[in-house]
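Here is how the chains run, residue by residue.
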Amino acid sequence: MTNELRKYCGYFMLEFKRTSFYWPGLLFRISLITLRLVLPFSVFEILRRTGKISDFDATFALWAVLIGQILHNCDIRLSKRIKQEVRSGDIIIRLMDPTNYVFAKVAGSLGFFLPSFIVYSLIFIPIVYLILPIKFNLIILLTFTLIAALISNLIGLLVGMSSFFIEENDGIELVVGKLMFIFGNQIIPIILMPIWVQNIARLTPFYMALAAPIDVASGKYSSLIAFGQGIIYIALLLWFAFWMLNKIKRKLVLNG
């Protein structure tokens, strides 16, 4: 058991070190987040001044976009990496490694996530807080950020693994990406949606992957309900990933 954990820690540290020293990529993503915040800030400010939404809703909506963008830009894009492995045939070699393919991919993705999240948070959160202060529980935010990272990367893992069965899975990537943004506070903040849409959104893993951390940390959504949903989605996504992994291995054996 200890040896197994060390192997996955190795995957985590490998990606962690690689990401920590790749500053040009981080600076590029920082620029993208900055540009992504300009438009919603302008829109929410107009809505606030015209009385269409309250000051708190405008502030919260921008924070929702910010946290969602930080999480999105900390994603390792597992789907594209796995698709590349499938197309090149490297997935066969990866499956022969003395580790579980699913756990190895998740461990590596978290190694990418951690340094990215630290850098983006240290840069953006204090600045936005000075401009638009909002009350939120930092411990809860960090806890649900980890849950969101796991769910987001597991979704990417499943999308990537689908390329083994559907070589051109661009349609799946597109649909999942749009659902993530719609239900993850990135196109229209959930707080501005009709109540029935909000209720539907909060039942999806896409909400948990981007929108839940700030919603829960600011008291907009129950932490107990969100925590329960997060654990259930992680368990379900892991089960589905193992099911797909077994199918892939069986297909490889049958086809030689």
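Scope of this entry: the structure provided in the associated data block.

Below, the discussion takes up the packing of aromatic side chains. A complete count under the given rule lists eight aromatic pairs for this structure. Ring centres of Phe 164 and Phe 165 lie 5.7 Å apart, and the angle between their planes is 75°; on these two criteria the pair is classed as edge-to-face. The exposure class assigned to Phe 165 is partly exposed, which follows from its relative accessible area of 38%. Three or more aromatic residues joined by ring pairs form one cluster here, namely Trp 63, Tyr 129 and Phe 136. One Lys or Arg, Lys 220, reaches over the ring of Phe 60 and ends 5.7 Å from the middle of that ring.

As a further point, take a nonpolar patch on the surface. A surface patch of nonpolar side chains, about 500 Å² in accessible area, is lined by Phe 41, Ile 123, Ile 127, Leu 130 and Ile 131. In terms of residue count, helix H6 (residues 101-131) provides more of the nonpolar patch than any other element does, four residues in total. Topologically, Phe 41 is positioned in helix H2 (residues 23-49). Residue class for Phe 41 comes out partly exposed when judged on its relative accessible area of 36%.

The subject of this paragraph is unusual backbone geometry. Its identity is not glycine, yet Asn 185 carries a phi of approximately 75°, on the positive side. As for its position among the elements, Asn 185 is in the loop between helix H8 (170-182) and helix H9 (195-201).

What follows covers H8. In this model H8 runs 18 Å from its N-terminal to its C-terminal C-alpha over 13 residues, within 8% of the 18 Å that 1.5 Å per residue would give. When H8 is considered as a whole, its buried residues turn out to be Glu 173, Val 176 and Met 180. The arc that holds the buried residues of H8, viewed along the axis, is 75°, so those residues lie on one side. On the buried face of H8, the contacting elements are helix H4 (78-88), helix H7 (138-161) and helix H10 (205-210).

Here we take up the packing of H2 against H6. Look at H2 against H6: their axes get within 11 Å of each other, and the N-to-C directions meet at 50°. With respect to their mutual orientation, H2 and H6 come out oblique. In the crossing of H2 with H6, the sense of the turn from one axis to the other is right-handed. Residues Trp 23, Leu 26, Arg 29, Ile 30, Ile 33, Thr 34 and Leu 37 of H2 lie in contact with H6, whose contacting residues are Phe 112, Ser 116, Val 119, Tyr 120, Ile 123 and Phe 124.

The terminal C-alpha atoms of helix H3 (residues 55-73), which comprises 19 residues, lie 27 Å apart, in line with the 27 Å expected from a rise of 1.5 Å per residue. Among the 19 residues that make up H3, 15 are buried, leaving the element largely enclosed by the rest of the structure.

Below, the discussion takes up the side chain of Lys 83. Tracing the backbone through its elements, the reader meets Lys 83 in helix H4. On the basis of relative accessibility, which here comes to 9%, the residue Lys 83 falls in the buried class. Polar contacts involving the side chain of Lys 83 include one to the side chain of Asp 170, which spans 2.6 Å. Setting aside anything within four residues of it in sequence, one finds Lys 83 in contact with Gly 160, Ser 163, Asn 169, Asp 170 and Glu 173.

To continue, consider the packing of H3 against H6. Running from N to C, H3 and H6 point in directions that differ by 160°, and their axes come no closer than 9 Å. Relative to H6, the element H3 is oriented roughly antiparallel. For the element pair H3 and H6, the recorded crossing hand is right-handed. When H3 is examined against H6, the residues Trp 63, Leu 66, Ile 67, Ile 70, Leu 71 and Asn 73 are found in contact with a partner set consisting of Phe 112, Phe 113, Phe 117, Tyr 120, Ser 121, Phe 124, Ile 125, Val 128 and Tyr 129.

Note that Phe 136 resides in the loop between H6 and H7. The class of Phe 136 is partly exposed, set by a relative accessible area of 21%. When sequence neighbours within four positions are dropped, the list of residues in contact with Phe 136 reads Trp 63, Ile 125, Tyr 129, Leu 141, Ala 217 and Ser 218.

Conventions used here
Residues numbered from 1 in each chain as written. Predicted model: local features only at pLDDT ≥ 70, side-chain atom pairs only at ≥ 80, totals over all residues. Heavy atoms only, no water. Phe/Tyr/Trp six-rings, centres within 6.5 Å; stacked < 30°, edge-to-face > 60°. Buried < 20%, exposed > 50% of the residue type's maximum accessible area, 1.4 Å probe, protein only. Lys NZ or Arg CZ within 6 Å of the ring centre and 35° of its normal. Patch = residues over 30% accessible without salt bridge, like charges linked within 9 Å, V, L, I, M, F, W, Y side chains within 5 Å. Areas by Shrake-Rupley, 256 points an atom, 1.4 Å probe, with all protein chains shown as cover. Salt bridge = Lys/Arg side-chain N within 4 Å of Asp/Glu carboxyl O. Helix = DSSP H or I, 4+ residues; strand = E, 2+ residues; numbered from the N terminus. Expected span 1.5 Å × (residues − 1). Arc of directions from axis to C-beta. Contact = heavy atoms within 4.5 Å. Axes fitted to C-alpha atoms, helices over the stretch in contact; angles between N-to-C directions. Parallel < 35°, antiparallel > 145°, perpendicular 65-115°, else oblique. Left-handed = near helix turned anticlockwise from the far one by under 90°. Polar contact = N/O pair within 3.5 Å; in protein donor to acceptor, adjacent residues only side chain to side chain.

It is worth stressing that arrangement in space is one thing and function is another; only the former is reported here.
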